[in-house]
Amino acid sequence: MKFKVDVAIVGGGPAGSSTALTAAKLGLNVLLIDRKAHIGVPVQCGEAIGKTGPSIAEIDIPKEAIRNPIRGFRVYSPSNIKVDYAKPEPDGYIVDRRVFDKELFIKAAEAGAETLINTEIKELVFKDGKVSGLIGVNDNGKVEVESKIIIGADGVFSIIAKMAGLRKYAKLADLDASVGYEMCNVEYDDQELMEFYMGKNVAPRGYVWIFPKGEKRANVGIGVGAQDGARTALDYMKSFMKDHPIGREKLKNAKIIEYRVGAIPLGGPNEKNILDNLMLVGDAAGQVHPITGGGIGYSLVCGSIAGKVAAEAIEAGDTSERMLSNYESRWRGKYGEEFSKMLKLRVLLEKAEDKTLDQLAEILNGQNIVDLTAGRKISILFSAVKKRNKDLLNLLNGFRQLKLIQ
Amino acid sequence: MLIDRVKCGVCFGCAAVCPFDALRATDKEIIVNSEKCTNCGICRKICPVGAITIEV
C-alpha cells in the first residue's frame, strides 16, 4: 500500500486523533495510523479528564465515554488524615478510555482523515537528511507513506521520537511503574471526589488512586518510583488491598474486571519536539503532568495546536523546523511554565518525609484547600506552623516560592 | 536477562529505559537482543510486576 499525504500521524490516541481531527477539518489530506487492532485497548490510564482541555481544543468529550462527573479530589496522608480539594460544581469527568479514544478516532475519520489500524510503523524515511515518510507493515503487507509532515503521537515509548533522535532512552527517575484495575463493588467516600493515598509504605514516590466511575465501579491503581526490585508496584498494590486500613475496607468486596500494567511518564516535556517536517505530540512529547501523570487534556490541546500549525505550514508551502517552531512556542506558551512549576513541586513532595506530610494534613484537616489556594488563610497557617516543625515550614516556603500559596 | 512471559504485562517500560537498545517491543511481547543486553538490571527496576530476572 502506498500513500501520499499532507500529514501522516502515528498513534490514534487522544493526541493523534486531536491532531488528525483539527488538520482534517482545515482541509488537509490526513492519514491516521495506529498499531492496534482495537483503538483504546488496552487502557493504560486513570481515565480522569478536566473540562478545560477539551474546551480549549474545541473538542467535545464524547458523551458515550463519560462515566462520572468529578468535583475534585481527596488525599489520604500517610497516617490517613483526609484533605479535600473540592469545587462546588463538577469540573471534570472520569471517562471510559476505550470509548473515548475510539469515538475521537471516529470523529477524525468522519472529518476526512484516512485511517490505517493494525499497522506497525517500522521506519522513519529520510530524504536529503530530512524526514519524508514512513515505512510500516500490516496484514496487506508493506505500507509506504510519503508525507509533507509526520506527527509522532505514539505514546510514552514513542518510536518516532527515538528514530527522529529527539529522545533516547527514558531515565528511571522520570518513570513511575504502574499497575491498575477496573473494579466493581468498590466503596468510595464521595462519588464526585477522586481519592489519593500517600505514604512511603503505601506507594513510595507515588500514590494509590481510586477514581469513582459510578455505580460502585472504579479505576483503581498505583504508581511507584522505580524500585530496587525487592518489592514491585504490584506487590504494593496487593498490600494496599489487603493491609491498608482504609484500602482494605473500600476494596473488601471489590472484584477485578480488568488488569493493566504500564509506566507513567513524569519527567516533563522533551527539550525539543520538532524537526524539519516532523512534530511530536502528547506522551511522545512528554506533555504529561509531572505529578498526576494526567495527559489527556494536554494531548487534546497540543494536538489541536499541531493540527493548526500543520495547516498553516502546508498553506505556506514551508514545513521547515523554523515554521513548525510555531507549534513549540504556542504549546509551551500555554503549558511550559505549568510543567516546570510542577516538576519543581514534585521534587519538593518527594523530599518531604511522611511525618511532614502528616503534619501538613493535620493543619489542613477539615478545610477545603480550594479556599486556601486563594491565599486568605495562609498567614494563620504560617503562625501555626512556625513553632512546630522546620521541615514543614521548608515545604510551605517551597510552595510559596512556586506561587502555589501566597 | 529473562522475562517471565506469564507475569509480563507487555507495558514496554523495560524497553523504554534500556540504555543499550537491547529490548524491542511488539504488540504482544518484548524481544531481547542478547548480544546487546549487558545484564545491567535497569529494566528490572521499572518492571511493575517483577517479571524480569537478571542472570549472574
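Now for a description of the structure that goes with this document.

Calculation notes
Along every chain, residues carry numbers that run from 1 in the direction the sequence is written. Lettering for chains starts from A, numbering for ligands starts from 1, and both go in the order in which the items are written. The predicted nature of this model means local features are confined to residues of pLDDT at least 70 and side-chain atom pairs, given and counted, to a pLDDT of 80 or more, with totals for whole chains, interfaces and linings taken over all residues. Starting at the N terminus, helices and strands are each numbered in turn, a helix being any DSSP run of H or I of at least four residues and a strand any DSSP run of E of at least two. Computation of the radius of gyration draws on C-alpha atoms alone. For the globule rule, the value is 2.2 Å times the number of residues to the power 0.38. Buried, partly exposed and exposed are defined by the number of other C-beta atoms within 10 Å of a residue's own C-beta, namely 20 or more, between the two limits, and 12 or fewer respectively, with C-beta atoms placed from the backbone. With C-beta atoms placed from the backbone, a contact is any residue pair whose C-beta atoms sit within 7 Å. Lys, Arg, Asp and Glu make up the charged group, whereas Ala, Val, Leu, Ile, Met, Phe, Trp, Tyr, Cys and Pro make up the nonpolar group; the residues left over, Gly among them, are polar. The convention used is that axes are lines fitted to C-alpha atoms, helices contributing only their stretch in contact, and that angles between N-to-C directions extend from 0 to 180 degrees. In these notes the angle categories are as follows: under 35 degrees is roughly parallel, over 145 is roughly antiparallel, 65 to 115 is roughly perpendicular, and the rest is oblique. In this scheme, strands are said to pair when DSSP sees at least two bridges between them. Under the definition applied here, buried Ala, Val, Leu, Ile, Met, Phe, Trp, Tyr and Cys residues are grouped into a nonpolar core through C-beta atoms within 7 Å.

### Brief notes about the overall build of chain B
Helix and strand counts for chain B come out as 2 helices and 4 strands. Written out in order from the N terminus, the α and β elements of chain B read β-α-β-β-α-β. The C-alpha radius of gyration of chain B comes to 10 Å, within 12% of the 10 Å expected for a compact globule of 56 residues. Viewed in the frame of its principal axes, chain B has a C-alpha envelope of about 25 × 20 × 15 Å. The buried share among the 56 residues of chain B stands at 36%. Here the analysis covers contacts within chain B between residues at least 6 apart in sequence; of these, 52% occur between residues at least 24 apart.

### Some details on the interface of chain B and chain A
Taken together, the contact between chain B and chain A spans 19 residues of the former and 20 residues of the latter. Broken down by secondary-structure element, the contributors of at least two residues to the side of chain B that touches chain A are α1 (13–17) and α2 (42–46) of chain B. Tallied by class, the residues present in the side of chain B that touches chain A amount to 13 nonpolar, 3 polar and 3 charged.

### Side note on the environment of Y207(A)
Residue and element names in this part refer to chain A. In this fold, Y207 is placed in strand β14 (residues 207–214). Judged by the 22 C-beta atoms lying within 10 Å of it, Y207 falls in the buried class. Expressed as a C-alpha distance, the spacing of Y207 and D190, which sit 17 residues apart in the sequence, is 19 Å. Setting aside residues up to four positions removed in sequence, Y207 forms contacts with F196, Y197, M198 and G223.

### Considering the packing of helix α9 (residues 354–364) of chain A against helix α12 (residues 390–401) of chain A
Residue and element names in this part refer to chain A. The contact between α9 and α12 brings their axes to 9 Å, and the two run at 75°. Taken together, the axis directions place α9 and α12 in an arrangement best described as roughly perpendicular. Between α9, through T356, Q359 and L360, and α12, the contact on the second element is made entirely by D391, L392 and L395. A per-class count over the contact of α9 with α12 returns 3 nonpolar, 2 polar and 1 charged.

### As for the pairing of strand β5 (residues 72–76) of chain A
Regular strands place their side chains on alternate faces of the sheet. All names here are of chain A. Note: β5 against strand β6 (residues 82–86), 5 bridges, orientation antiparallel. If you follow F73 over to β6, its bridge partner there is Y85. Between β5 and β6, which follow one another and run antiparallel, lie 5 residues, and N80 among them has a positive phi close to 65°. Where β5 meets strand β13 (residues 193–197), 5 bridges bridge the pair, whose relative direction is parallel. Looking at β13, one finds that R74 is bridged to E195.

### Points about the pairing of β14(A)
All names here are of chain A. For β14, the buried fraction is high: 7 of the 8 residues fall into the buried class. Across 3 bridges, the pairing between β13 and β14 is antiparallel. Bridge assignment links Y197 to a residue of β14, and that residue is V208. Sheet topology places β14 next to strand β15 (residues 217–225); 7 bridges connect them, and they run antiparallel. Opposite W209, over in β15, you have G221 as the bridge partner. Where β14 hands over to β15, the hairpin turn is made up of 2 residues, of which E215 adopts a positive phi near 50°.

### Quick word on the sheet that holds strand β4 (residues 66–70) of chain A
All names here are of chain A. The antiparallel open sheet is built from 3 strands, whose spatial order is β3-β7-β4. The open sheet has two free edges, formed respectively by β3 (48–50) and β4, since each of these has just one partner strand. Averaged over all neighbouring strand pairs, the angle between strand axes comes to 30°, with direction disregarded. In terms of strand pairing, β3 meets strand β7 (residues 92–95) through 3 bridges, oriented antiparallel. Looking across to β7, one finds that A48 is bridged to I94.

### Observations concerning the nonpolar core
Residues and elements named next belong to chain A. With 138 residues, the main nonpolar core has I9 and V30 as its most contacted residues. Among the elements that take part in this core, helix α7 (residues 296–316) stands out by supplying 12 residues, more than any other. Look past the residues within four positions of I9 in its chain and what remains in contact with it is G16, T19, A20, V30, L31, L32, I33, I151 and A153.

### Observations regarding unusual backbone geometry
Residue and element names in this part refer to chain A. The step from V41 to P42 runs through a cis peptide bond, and the omega angle for that step is -5°. Along the chain, the position of P42 falls in the loop between β2 (30–33) and β3. You will see that E47, though not glycine, has its phi angle at about 65°, which is positive. On the secondary structure map, E47 appears in the loop between β2 and β3.

### So, the sheet that holds β13(A)
Think of a sheet as strands paired side by side through backbone hydrogen bonds, with each pair either parallel or antiparallel. All names here are of chain A. Across the sheet, which stays open at both edges, the 7 strands sit in the order β6-β5-β13-β14-β15-β12-β16 with mixed pairing between neighbours. Two strands in the sheet have a free side with no partner beyond their single neighbour: β6 and β16 (255–265). Within the sheet, the average angular offset between the axes of one strand and its neighbour, ignoring direction, is 20°. Its contacts with the sheet put helix α5 (residues 233–242) on β12 (175–184), β13, β14 and β15, and the angle it makes with β15 is roughly 130°.

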